[in-house]
Amino acid sequence: MQHTSLKQRWQHSSLRTVYNFSDPYAKGRCRILGSNLLDNVCTQLTTDIFYTSFLLYYDMDKSKIGFLTFIPYITCLLNLFSPMILERFQRRKTLLITAKLTHCFVNYIGIAILPTLLHGNRERMMGLAILIVSASAISQLFSSGWTAWHANYLQEEVRIDYFRSSNCISSAFSFTIALFISYLGDRFIGTPNEIILLTSIRYIAFGLMLIDTFIWIAQKEFPYEKTVRIKFSNIFTLPVKNKLFLMTMVLLALHHFSNGLPTATLNAYLLKDVGVSYTLISAINASYFLFFFPFTKMCTWFTNKLNLYRAYGVSMIVMGISNFAYSYVTANTIWLYVVIRLVHHVLGVMLSGVVSAILYDHLPQADRTNYLSFYTIAQNFSIFLAMMLSTALAAIMKDNTIRAFGIAQTSTQLSLVASAVMMFFLGTLSITWAKKLIPSKS
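Quick caveat, the model's predicted, so the values are computed rather than measured.

**Brief notes about the pattern of salt bridges**
(1) Moving on: A complete count under the given rule lists 3 salt bridges for this structure.
(2) Moving on: Across the salt bridge formed by Asp 39 and Lys 100, the nearest N and O atoms sit 3.3 Å from each other. Of this pair, Asp 39 sits in helix H3 (residues 24-46) while Lys 100 sits in helix H7 (residues 93-117), and the two are 61 residues apart along the sequence.
(3) Moving on: A salt bridge links Lys 64 to Asp 61, with the nearest nitrogen and oxygen atoms 3.7 Å apart.
(4) Moving on: You can call Asp 61 partly exposed: its relative accessible area is 32%.
(5) Moving on: Bridged by salt links that share partners, the residues Asp 39, Lys 100 and Asp 212 form one connected network.

See below:
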């Protein structure tokens, strides 16, 4: 009976439309989901706390870690050349896969090996910066090509369901693996085995990307529509002429800026200053997927009730309140860290589908590489600017504090406050623009 009930629920589920092997588009989404699973695992293993710990092991301080975290975003301007390259190819599969593997080899293997070859702190810093910028440059040149390829499989009627479900599944898979690695990390911390673990997971990540290659070899590629002649200026002229698309770009640029403000130094602050363990951070991250089950329907109802942009605006205002509270997390209030991160999970369920849907909401069918390159430039420049500002603040303040809002605050805590202010503004702006962006649902 239970088996029949589950089968019936699946047959009547909206996810059956999103993922199945009978419809070629749904089958393509299954492959994209599989690739996302591998990508997210690799991201978990090579960024955030593991990357921060890797740099801390080699005596990088908070400002150096911040610098190495934001420096890749300098290469965002290379997206200017992306359409000039990609628009010349009606079949881009081989080019995109080769570029991705090259990026992963430099980013995962190169960074793992380089600190063992260079022994001075200055030399390591310069060497890592060169590798990070090189890997990012490759990624930036071809990232819009991947998005344009994906877009053919993400029709409007399945878009939000796809993004929410894929985020849930990917989070469950990747964070669970990260939790296991974190448990090992806490056991090995301070021992020679710590760096062996932090290095080995980068090799594992590259192995997973080799598996990912076979997924994309099997994925069908559709012709890319073009209505204009290939020109360098199209990256700017086409989006600027499209008012609704440009408005969504302003919202997304501010979104990435406000989220990026504390990112460069937050993990170093939590691990070094607050004393949060690998396991606690990863356990909270791993619990994210559990929030999709009780809150997805509520978030869908909330989005349909208010419309896409009002729901996003309200969510960002609440996120701003939680980030302001985040600035009060210290070694004596680790319980507050747990509460705030769980609140972030609830908001994450809402935002996981909405933010991605905003990108595609007014994305034209034709000349997508130009529009997506414009978005990627705006996204990365916003993150770069946010991280540069917070890293500069960390370099100026060092270990000093400023008394603000009733407590002595470090540079990271002040970045969280600035992030909260930006989120209040962004949420208000999105609500104000909602009638223009979705007039039929106002």
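The structure having been displayed, the exposition proceeds.
**Regarding the nonpolar core**
(1) Moving on: Core analysis: the largest hydrophobic core is formed by 71 residues, its most contacted members being Tyr 309 and Tyr 312.
(2) Moving on: Of all the elements, helix H17 (residues 334-361) adds the most residues to this core, at 10 residues.
(3) Moving on: Apart from the residues within four sequence positions on either side, Tyr 312 is in contact with Leu 251, His 255, Leu 351, Val 354, Val 355, Ile 358, Leu 426 and Ser 430.
(4) Moving on: Tyr 108, Met 125, Ala 135 and Ile 284 belong to the second largest nonpolar core, which has 53 residues in total.

**Quick word on a nonpolar patch on the surface**
(1) Moving on: Taken together, the side chains of Ile 113, Leu 117 and Tyr 203 present a nonpolar region at the surface, about 290 Å² in accessible area.
(2) Moving on: Along the chain, Tyr 203 turns up in helix H10 (residues 192-218).
(3) Moving on: For Tyr 203, a relative accessible area of 39% corresponds to the partly exposed category.

**What to know about the environment of Ser 327**
(1) Moving on: Mapped onto the elements, Ser 327 comes out in the loop between helix H16 (308-326) and H17.
(2) Moving on: In sequence terms Ser 327 and His 256 are 71 residues apart; their C-alpha atoms lie 19 Å from each other.
(3) Moving on: The residues touching Ser 327, leaving out its near neighbours within four places in the chain, are Ile 407, Gln 409, Gln 413, Leu 416 and Val 417.
(4) Moving on: Among the polar contacts listed, one links the side chain of Ser 327 to the backbone oxygen of Phe 324, at a separation of 2.5 Å.

**With respect to the environment of Ser 287**
(1) Moving on: Take Ser 287: it is sitting in the loop between helix H14 (278-286) and helix H15 (292-306).
(2) Moving on: When its relative accessible area of 16% is taken as the criterion, Ser 287 is described as buried.
(3) Moving on: Taking the C-alpha atoms as reference, Ser 287 lies 37 Å from Asn 121; in sequence the two are 166 residues apart.
(4) Moving on: Aside from chain neighbours lying at most four places away, what touches Ser 287 is Leu 342 and His 345.

**Topic: H15**
(1) Moving on: Here H15 is 15 residues long and its end C-alpha atoms lie 20 Å apart, about the 21 Å a rise of 1.5 Å per residue gives.
(2) Moving on: Along H15, the residues that are buried comprise Phe 292, Cys 299 and Thr 303. Summarising the axial view, the buried residues of H15 lie within an arc of 40 degrees, below the 170-degree limit, and thus occupy one face. Within H15, the exposed residues directed more than 90 degrees away from the buried face are Pro 294, Lys 297, Trp 301, Asn 304 and Lys 305.

**Focus: the packing of aromatic side chains**
(1) Moving on: Taken as a whole and assessed by the stated rule, the structure comprises 21 aromatic pairs.
(2) Moving on: Centre to centre, the rings of Phe 105 and Phe 206 are 5.7 Å apart; their planes meet at 70 degrees, and the pair counts as edge-to-face. Linking Phe 105 in helix H7 with Phe 206 in helix H10, this pair joins segments that are 101 residues apart in sequence.
(3) Moving on: A relative accessible area of 45% places Phe 105 in the partly exposed class.
(4) Moving on: Summarising the aromatic geometry, the rings of Tyr 162 and Phe 163 are spaced 5.4 Å apart at their centres and angled 65 degrees between planes, so their arrangement reads as edge-to-face. Each member of the pair, Tyr 162 as well as Phe 163, is classed as buried.

**Examining the packing of H7 against helix H8 (residues 121-151)**
Angle between the axes and distance between the axes: these two values describe a pair of packed helices.
(1) Moving on: At a closest axis distance of 9 Å, the pairing of H7 and H8 adopts a crossing angle of 160 degrees. When the interaxial angle is binned, H7 and H8 end up roughly antiparallel. In the crossing of H7 with H8, the sense of the turn from one axis to the other is left-handed.

Reading guide: rules and limits
- Residues numbered from 1 in each chain as written.
- Predicted model: local features only at pLDDT ≥ 70, side-chain atom pairs only at ≥ 80, totals over all residues.
- Heavy atoms only, no water.
- Salt bridge = Lys/Arg side-chain N within 4 Å of Asp/Glu carboxyl O.
- Helix = DSSP H or I, 4+ residues; strand = E, 2+ residues; numbered from the N terminus.
- Buried < 20%, exposed > 50% of the residue type's maximum accessible area, 1.4 Å probe, protein only.
- Core = buried A, V, L, I, M, F, W, Y, C linked by side-chain atoms within 4.5 Å.
- Contact = heavy atoms within 4.5 Å.
- Patch = residues over 30% accessible without salt bridge, like charges linked within 9 Å, V, L, I, M, F, W, Y side chains within 5 Å.
- Areas by Shrake-Rupley, 256 points an atom, 1.4 Å probe, with all protein chains shown as cover.
- Polar contact = N/O pair within 3.5 Å; in protein donor to acceptor, adjacent residues only side chain to side chain.
- Expected span 1.5 Å × (residues − 1).
- Arc of directions from axis to C-beta.
- Phe/Tyr/Trp six-rings, centres within 6.5 Å; stacked < 30°, edge-to-face > 60°.
- Axes fitted to C-alpha atoms, helices over the stretch in contact; angles between N-to-C directions.
- Parallel < 35°, antiparallel > 145°, perpendicular 65-115°, else oblique.
- Left-handed = near helix turned anticlockwise from the far one by under 90°.

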